[in-house]
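# Residue-level structure breakdown
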Amino acid sequence: MIDVSRAGMAGLLLAVVATATSGAASAQANFAGVWSATYAEDWPDRIPGPELGDYAGLPLNDANRMRAQSWSASILSLPHYQCRVHPSDYANSFADIRMWEEIDTDTQELIAIRIQHFAWNTVRTIWMDGRPHPPEFAEHTSMGFSTGEWVGRTLKVTTTHLKEGWLRRNGVARSDRATVTEHFIRHGNHLTWSVFVQDPLYLEEPFFRNRDYTLSETGRIGAYPCESVIEVLLPEGYFPHYLPGQNEFLIEYAVNHAIPFEAAMGGAETMYPEYVDELEQLPPPSAE
Amino acid sequence: MMKRQTAGAVLSVAFAAALGAASAGAQQNFDDVAVQTLQVRDDIYMLVGAGGNITVQTGGDGVLMVDTQYAPLSDRILAAIGELSDEPIRYIVNTHHHGDHTGGNANLRLAGATVAGGNMLGAITDSGVGAQIVAHENVLFRLSSATGDQAVSSDGWPTTTFFGDKKQLFFNGEGIEVIHLPAAHTDGDSIVFFRRSDVISAGDVFNTTIYPVIDMQAGGTVQGIIGALDKIVDLIVPVYGQDGGTLVIPGHGRLSNLGDVLNFREMVIVIRDRVQHMIDEGMSLEQVKAAQPSRDYDPRYGASGGFWTTEDFIEAVYRSLSEQE
C-alpha cells in the first residue's frame, strides 16, 4: 500500500515535471511588456544623431566608405525619404519598445514574438513555430524575416530578407545581403538586446551593437505619425549626393573632436583597443 | 563615330548571345532549372526559372502572362500555370524583345486561345488559335527583323502592337495598363500595371541583381532608364514604412517594393552624375573606367565576367551621355 502510494506520488511528480518542462520548451523566458530604453551607451550617436564624417569604430569597407562620403543629408527633404523607417537592426537604438507573444490558445504553443518600436512605430515578427525562411526571391522589408530559437533562457533570432538599410544614419550602408543575429537576454527587469550584423558586401568584419532596457511600470509607448510632404520642387531624375572629393563636411567631425581624419573614416581596425597606439602615429586633422 | 559603332557592335554580340537571340536559349542547359511560383497578390503570381521573371494573372476570363522566358522551359512554365488556373492563356504581354523574356512566346501562345469568332467562327476558323501577344510595336520590329541564327518564328511575334504611351486592357475584372517607356533598356520597353491588384511588372528597366542593362544597339539609354524608374516610382503608392503597398516584379531578381526601386534609381543617378562630371572634365572613356566611378556600388551590382560587366555598364552610361551632348 505504501509502495503503491509512493509510486503514485512519483508518477504525479513526473507528470508535473513533464508539464513544466514542456511549457519551458515553448517559451523559456517571457519578454512581454513595454521596455524603456536606457541611453548610457552611445548617447551622442543615438539621439542627437551621428555627426557627418563619423565612421569611427565601424568595420566598413572601402566601398561603404565611398557611399558614406557621397551621402548628403539633403535626401531627408525628399518626400520618399522623409518617412523611411529605421531597419530592424538599427531601430533598437531609439526609445521604448513593446514586446508581446502570439500564443496558440488551445495548445499554448508560442507562435511568434512581436516587437513594436516607438521609433516609426514599426512592428516586427519573430516566428517561433519553426517555419522556414522564404526563398531569396521573396520580398525584402525593413523588418526582414526573423525566426527565433531558445538557447537556454536567451532568445536567439536570425533575420534575413532585409532591404538595404544603414548602420548609422549618416550614410553608412548595410546591404540587403546581410544576415542579422540577435540575442535577447532578460535579467529580472532588465533586458539586453545584442545585434550582430554580417554583411559580406559592405563590412570588413561583423558589426556588433548592444542596447539595454528596463521594464516600464507605466507600459505605454506613444504614437509616431509621419506624413511626407513636398518641401522643395526638384526636377525629375534628381537625387542629392556629393561627387567624390567634393564633400566639404567630411572633415568636421575629425576637426571638432581632434581625431585623425583617417581614424574618423573607420574600418575594422578602428574597433579594437590596439588602434589607440596607431592613433598616436597619425597626423592631426586639418580643415585645409 | 566609328568607335561608337564598334563598341555598339561588341555590345550587340553580347546581347545576341545572352539575351537577344531566340537561339541563345537553345544553347543553354536548362535540365536543372525548376520553375518556382511566388504568390504576389490574390490573383497575381511571379514565376522564377531561368531568364526574366514571369508575371501571371489568373481569373475567370483566363490567364494573362507577362513574358515567357526561354523556349526549353515552356512545358515547365505551363505546368506551373496549370497549378494556378484551369483556364487557357488568353494574353501574353512582352516587356521587350530580348530572348530571355520572349523565347517561349511561340510555345505558350500556341498553348493558349484567343477569345474570338463568336457566331463567325465557321468563317474564320483560325481566329481563336493561340493567345494574343501584346507588345510595343518596336518589339515586333525587332523580333520580325531578326534573321539567320537570330531568327524568331512568326508564331512568337506580337499579334497586337501599340505605339504611343500605352495600351489598356480590362481582363479578369481588372484594369491593366501596358505603359511604354521610351529609350530605356531598349526602345520597346513596357511595364505592365495591374491596377486592382496594385502590382507592376517592370521588365528589365528594373532588376535587383546587376547594373541596369542598357542595350544601346536596340535604342537603350541611361537617361531612359532613369525616366523609367521615375515613372515606376510615380505609380507606386507605398504603405507606411514603404514595405508593401504597390509591389514591383522586376525583370530579374526578387519581388520588390518602393524602397527597392528607390535604392536602384538612386544608384543609377549617382553613377550617371559622376560619369557626367568626368565627361565635363574632358575625361576619355578609358580614363573614366580607370577612375571606377561605381566602386561603391560594385559589390552589390557589379560583375567582372558574364554578359554584362561593370565596365559594360560604365561604357553604356558614358556613351549615352556623350551621344546626348
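Coordinates for the structure precede this section.
This is a predicted model, so every value here is computed, not measured.

### Concerning the overall build of chain B
In terms of regular secondary structure, chain B is built from 11 helices and 12 strands. Burial statistics for chain B: of 325 residues in total, 58% are counted as buried. When contacts within chain B are restricted to residue pairs at least 6 apart in sequence, long-range pairs at least 24 apart make up 65% of them. For chain B, the exposed surface amounts to about 12,200 Å²; the carbon and sulfur share of it is 49%.

### Points about the interface of chain A and chain B
Taken together, the contact between chain A and chain B spans 34 residues of the former and 39 residues of the latter. Here chain A meets chain B over a buried area of about 3,300 Å², counting both sides, of which 52% is carbon and sulfur. Summed over the shared surface of chain A and chain B, the result is 4 salt bridges. Taken together, the links from chain A to chain B amount to 23 residue pairs in polar contact (both at pLDDT 80 or more). Counting only elements with at least two residues in the side of chain A that touches chain B, the list comes to α3 (62-70) and α4 (79-82) of chain A. Here the side of chain A that touches chain B is built from residues that sort into 17 nonpolar, 8 polar and 9 charged.

### Comments concerning the pairing of strand β10 (residues 190-198) of chain A
Residues and elements named next belong to chain A. Bridge count between strand β9 (residues 179-187) and β10: 9 bridges; the pairing is antiparallel. Its bridge partner being in β10, Glu182 is matched across the sheet by Val195. Adjacent in sequence and paired antiparallel, β9 and β10 are bridged by 2 residues, among which Gly188 carries a positive phi angle near 60°. Sheet analysis places β10 next to strand β11 (residues 207-215), joined by 8 bridges and oriented antiparallel. Residue pairing in the sheet places Val197 in a bridge with Phe207 of β11.

### Considering helix α7 (residues 222-235) of chain B
For an α-helix the count is 3.6 residues per turn, leaving residues at separations of three or four pointing the same way. All names here are of chain B. Its 14 residues place the ends of α7 20 Å apart at the C-alpha level, agreeing with the 20 Å of an ideal helix rising 1.5 Å per residue. For α7, a buried count of 10 out of 14 residues is recorded, marking the element as mostly surrounded by other parts of the structure. Restricting attention to buried positions, one finds in α7 the residues Val222, Gly224, Ile225, Ile226, Ala228, Leu229, Asp230, Ile232, Val233 and Leu235.

### Comments concerning the sheet that holds strand β7 (residues 160-162) of chain B
Residue and element names in this part refer to chain B. Strand order in the open sheet formed by 7 strands is β1-β2-β3-β4-β5-β6-β7, with mixed pairing between adjacent strands. Strands with a single pairing partner mark the edges of an open sheet, and in this sheet they are β1 (36-41) and β7. Strand-to-strand twist of the sheet, defined as the mean angle between neighbouring strand axes without regard to direction, takes the value 20°. The sheet strands contacting helix α6 (residues 137-145) are β6 (132-136) and β7, and the helix crosses β6 at an angle near 105°.

### So, the pattern of salt bridges
Per the stated rule, a full pass over the model turns up 25 salt bridges over all chains. When the shortest N-O distance is used, the salt bridge between B:Arg272 and B:Asp273 registers 2.8 Å. B:Arg272 gets classed as buried once you look at its relative accessible area, which sits at 17%. Beyond isolated ion pairs, a larger network of salt bridges with shared partners links A:Asp176, B:Arg254, B:Asp260 and B:Arg300.

### Section: the state of the cysteines
All names here are of chain A. On inspection of all chains with the given rule, the structure shows 1 disulfide over all chains. For Cys83, the disulfide goes to Cys226, at an S-S distance of 1.9 Å. Classification of the bridge connecting Cys83 and Cys226 rests on its S-S torsion, roughly -90°, and on that basis the disulfide is left-handed. Highlighted residues: Cys83 in the loop between α4 and β2 (97-103) and Cys226 in the loop between β11 and α5 (252-256), separated in sequence by 143 residues.

### Some words on the packing of aromatic side chains
Counted under the stated rule, the structure contains 17 aromatic pairs over all chains. Taking 6.3 Å as the distance between ring centres and 5° as the angle between the ring planes, the aromatic pair formed by A:Phe31 and A:Trp150 counts as stacked. With A:Phe31 in the loop between α1 (2-26) and β1 (33-38) and A:Trp150 in strand β5 (residues 145-151), this pair connects stretches of sequence that are 119 residues apart. When sorted by exposure, A:Phe31 lands in the same class as A:Trp150, which is buried. Every member of this aromatic cluster is reached through a ring pair, and the members are A:Phe31, A:Trp150, A:Phe184, A:Trp193 and A:Tyr213. One Lys or Arg, A:Arg131, reaches over the ring of A:Trp127 and ends 3.5 Å from the middle of that ring. Here the guanidinium or amino end of B:Arg300 rests over the ring plane of B:Tyr301, the centre of that ring lying 4.8 Å away.

### Some points on the sheet that holds strand β10 (residues 190-194) of chain B
Residue and element names in this part refer to chain B. With mixed pairing, the 5 strands of this open sheet are ordered in space as β8-β9-β10-β11-β12. The open sheet has two free edges, formed respectively by β8 (166-171) and β12 (247-250), since each of these has just one partner strand. Adjacent strand axes in the sheet meet at a mean angle of 20°, parallel and antiparallel pairs treated alike. Two elements, strand β11 (residues 199-203) and β12, share 4 bridges in a ladder whose sense is parallel. Within β12, the residue paired with Val199 across the bridge is Leu247.

### Overview of the nonpolar core
In terms of nonpolar packing, the biggest core is built from 55 residues, with B:Ile191, B:Ile214 and B:Ile232 touching the most fellow members. Sort the elements by how many residues they give to this core and helix α8 (residues 258-280) of chain B lands first, with 12 residues. Ranked by size, the runner-up nonpolar core spans 37 residues in total, among them A:Ala29, A:Ala37, A:Leu203 and A:Tyr213.

Conventions adopted
- Residues numbered from 1 in each chain as written.
- Chains lettered and ligands numbered in written order.
- Predicted model: local features only at pLDDT ≥ 70, side-chain atom pairs only at ≥ 80, totals over all residues.
- Heavy atoms only, no water.
- Helix = DSSP H or I, 4+ residues; strand = E, 2+ residues; numbered from the N terminus.
- Buried < 20%, exposed > 50% of the residue type's maximum accessible area, 1.4 Å probe, protein only.
- Contact = heavy atoms within 4.5 Å.
- Areas by Shrake-Rupley, 256 points an atom, 1.4 Å probe, with all protein chains shown as cover.
- Buried area = accessible area lost by both parts, 1.4 Å probe.
- Salt bridge = Lys/Arg side-chain N within 4 Å of Asp/Glu carboxyl O.
- Polar contact = N/O pair within 3.5 Å; in protein donor to acceptor, adjacent residues only side chain to side chain.
- Nonpolar A, V, L, I, M, F, W, Y, C, P; charged D, E, K, R; others polar.
- Pairing = 2+ DSSP bridges.
- Expected span 1.5 Å × (residues − 1).
- Axes fitted to C-alpha atoms, helices over the stretch in contact; angles between N-to-C directions.
- Disulfide = S-S within 2.5 Å.
- Phe/Tyr/Trp six-rings, centres within 6.5 Å; stacked < 30°, edge-to-face > 60°.
- Lys NZ or Arg CZ within 6 Å of the ring centre and 35° of its normal.
- Core = buried A, V, L, I, M, F, W, Y, C linked by side-chain atoms within 4.5 Å.

Just distances and angles here, no functional claims.
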